[in-house]
Amino acid sequence: MSGNMNLTLKVWRQKNDKTRGKFVTYQANGISQDMSFLEMLDVVNEDLVRKGEDPIHFDHDCREGICGMCSLHINGRPHGPKQGTTTCQLHMRSFHDGQTIVIEPWRASAFPVIKDLAVDRTAFDRIQQAGGYVNVNTGGVPDANTIPIPKVVADEAFESATCIGCGACVAACKNASAMLFVSAKISQYALMPQGQTERYSRAQAMVAQMDAEGFGSCTNTGACEAECPVGIKLTNIARMNREYLNAKIFKEEEAH
């Protein structure tokens, strides 16, 4: 890949969540437009290692826009300037030669900084563990057509299930609300007959855990939907509110 861009990076560096962080300026020279954003950071880190300096720490895994690990705030937007694109799928052709790029971690008290651009998102795991599952008897796999499900319902449940749990919705929200993430996880079960057993306890438990983790309330501004890389819809939040209200009215259960 032939390099044809020289960039200035302002990168947030922070040792851990107990120390103060600051922006540090780096030069990224000879960057190809065909590189992904993370490949560009790899090049910068290789240069830092050669100089004997500490490389920039950031989350990544599959680099295919599937796992939800990449989590960078780029020039004021979660995942960068392209809508419907994760950081790992963002290519340098979205920037221009001589540009200054500001790179920050997700900003939320529920996502404490591990180091530099890497944050602890295990709060999402705990919310999922609180109720994001179904109890089924083990045994043979039932035939796929045993329980007829209308296609429109199956499609809507599938769309909710595409949430990759990256946390962009939290980073985009001025209240650091996790309601889009939680509502997507609740919706994928609430829409399907297999999810009806724990329907009421699920809504109560997951919302209670969300609040316990310190996430804020929904602002109703829609920033979460606008920045979600997989297009999770705000209608999921409306469904979650209905599920929670129904649970409180019709079947109050202790949420563990």
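Residues numbered from 1 in each chain as written. Predicted model: local features only at pLDDT ≥ 70, side-chain atom pairs only at ≥ 80, totals over all residues. Heavy atoms only, no water.

S.K.: Describe in detail the overall build of the protein chain, supporting the description with residues and values.
M.R.: Secondary structure summary: the protein chain contains eight helices and seven strands in total. Principal-axis analysis of the C-alpha atoms gives the protein chain an extent of 60 × 40 × 35 Å. Looking at the protein chain as a whole, 45% of its 256 residues qualify as buried. With an accessible surface of roughly 13,100 Å², the protein chain has 50% of that area assigned to carbon and sulfur atoms. Of the charged side chains in the protein chain, 26 are positive and 29 negative, and the gap between their average positions amounts to 5 Å. (Helix = DSSP H or I, 4+ residues; strand = E, 2+ residues; numbered from the N terminus. Buried < 20%, exposed > 50% of the residue type's maximum accessible area, 1.4 Å probe, protein only. Areas by Shrake-Rupley, 256 points an atom, 1.4 Å probe, with all protein chains shown as cover. Lys, Arg positive; Asp, Glu negative; His and termini not counted. Charge placed at Lys NZ, Arg CZ, Asp CG, Glu CD.)

S.K.: So, the domain arrangement of the protein chain: which residues are in play, and what are the values?
M.R.: Examined at the domain level, the protein chain breaks down into domain 1 (5-114) and domain 2 (122-254). Taking only C-alpha atoms, the centre of domain 1 and the centre of domain 2 are 30 Å apart. Every contact between the two is made by 19 residues of domain 1 and, on the other side, 18 residues of domain 2. Between domain 1 and domain 2, a total of about 1,300 Å² is buried, with carbon and sulfur atoms accounting for 60% of that surface. Together, Pro78, Ala110 and Phe111 form the three largest contributors to the area buried by domain 1 at its contact with domain 2, with a combined 35%. (Domains from an automatic or database assignment. Contact = heavy atoms within 4.5 Å. Buried area = accessible area lost by both parts, 1.4 Å probe.)

S.K.: Pulling in residues and values, what's your account of the packing of helix H2 (residues 122-131) against helix H6 (residues 199-212)?
M.R.: One way to put it is that H2 packs onto H6 with a least axis distance of 8 Å and a crossing angle of 160 degrees. The angle between the axes of H2 and H6 places the two elements in the roughly antiparallel class. Here the hand of the crossing between H2 and H6 comes out right-handed. Contact residues: Arg126, Ile127, Gln128, Ala130 and Gly131 in H2; Arg202, Ala205, Met206, Gln209 and Met210 in H6. When grouped by side-chain class, the residues that make up the contact of H2 with H6 number five nonpolar, three polar and two charged. (Axes fitted to C-alpha atoms, helices over the stretch in contact; angles between N-to-C directions. Parallel < 35°, antiparallel > 145°, perpendicular 65-115°, else oblique. Left-handed = near helix turned anticlockwise from the far one by under 90°. Nonpolar A, V, L, I, M, F, W, Y, C, P; charged D, E, K, R; others polar.)

S.K.: Could you give an account of the side chain of threonine 86, naming the residues involved and the relevant values?
M.R.: Position of threonine 86 relative to the elements: it lies in the loop between strand S4 (77-78) and strand S5 (100-104). Assessed through its relative accessible area of 6%, threonine 86 is described here as buried. Residues in contact with threonine 86, not counting those within four places in the same chain, are Gly65, Cys70, His79, Ile164 and Pro229.

S.K.: Kindly report on the environment of serine 109, identifying the contributing residues and their values.
M.R.: Assignment of secondary structure puts serine 109 in the loop between S5 and strand S6 (113-115). Residue classification places serine 109 among the exposed residues on the basis of a relative accessible area of 68%. The sequence separation of serine 109 and aspartate 54 amounts to 55 residues, and the corresponding C-alpha distance is 25 Å.

S.K.: Please provide a residue-by-residue account of the pattern of salt bridges, values included.
M.R.: Two side chains of opposite charge can pair, provided their charged atoms sit close to one another. Applying the stated criterion to the full structure yields 16 salt bridges. Lysine 18 is the salt-bridge partner of aspartate 17, the closest N and O atoms lying 3.4 Å from each other. Looking at aspartate 17, the relative accessible area reads 40%, which means it is partly exposed. Notably, a salt bridge pairs arginine 50 with aspartate 47, separated by 3.8 Å at the nearest N-O pair. One end of the pair is arginine 50 and the other is aspartate 47, both in helix H1 (residues 37-50) and three residues apart, which spans about a single turn. What you see here is one network of salt bridges that share partners, running through Arg13, Asp54, Lys115 and Asp116. (Salt bridge = Lys/Arg side-chain N within 4 Å of Asp/Glu carboxyl O.)

S.K.: Outline the sheet that holds strand S3 (residues 73-74), listing residues and values.
M.R.: Strand order in the open sheet formed by five strands is S2-S1-S5-S3-S4, with mixed pairing between adjacent strands. Each edge of the open sheet carries a strand with a single partner, namely strand S2 (22-31) and S4. Strand direction decides the pairing type here: strand S1 (residues 5-13) and S2, joined by eight bridges, are antiparallel. Bridge pairing links arginine 13 to lysine 22 in S2. (Pairing = 2+ DSSP bridges.)

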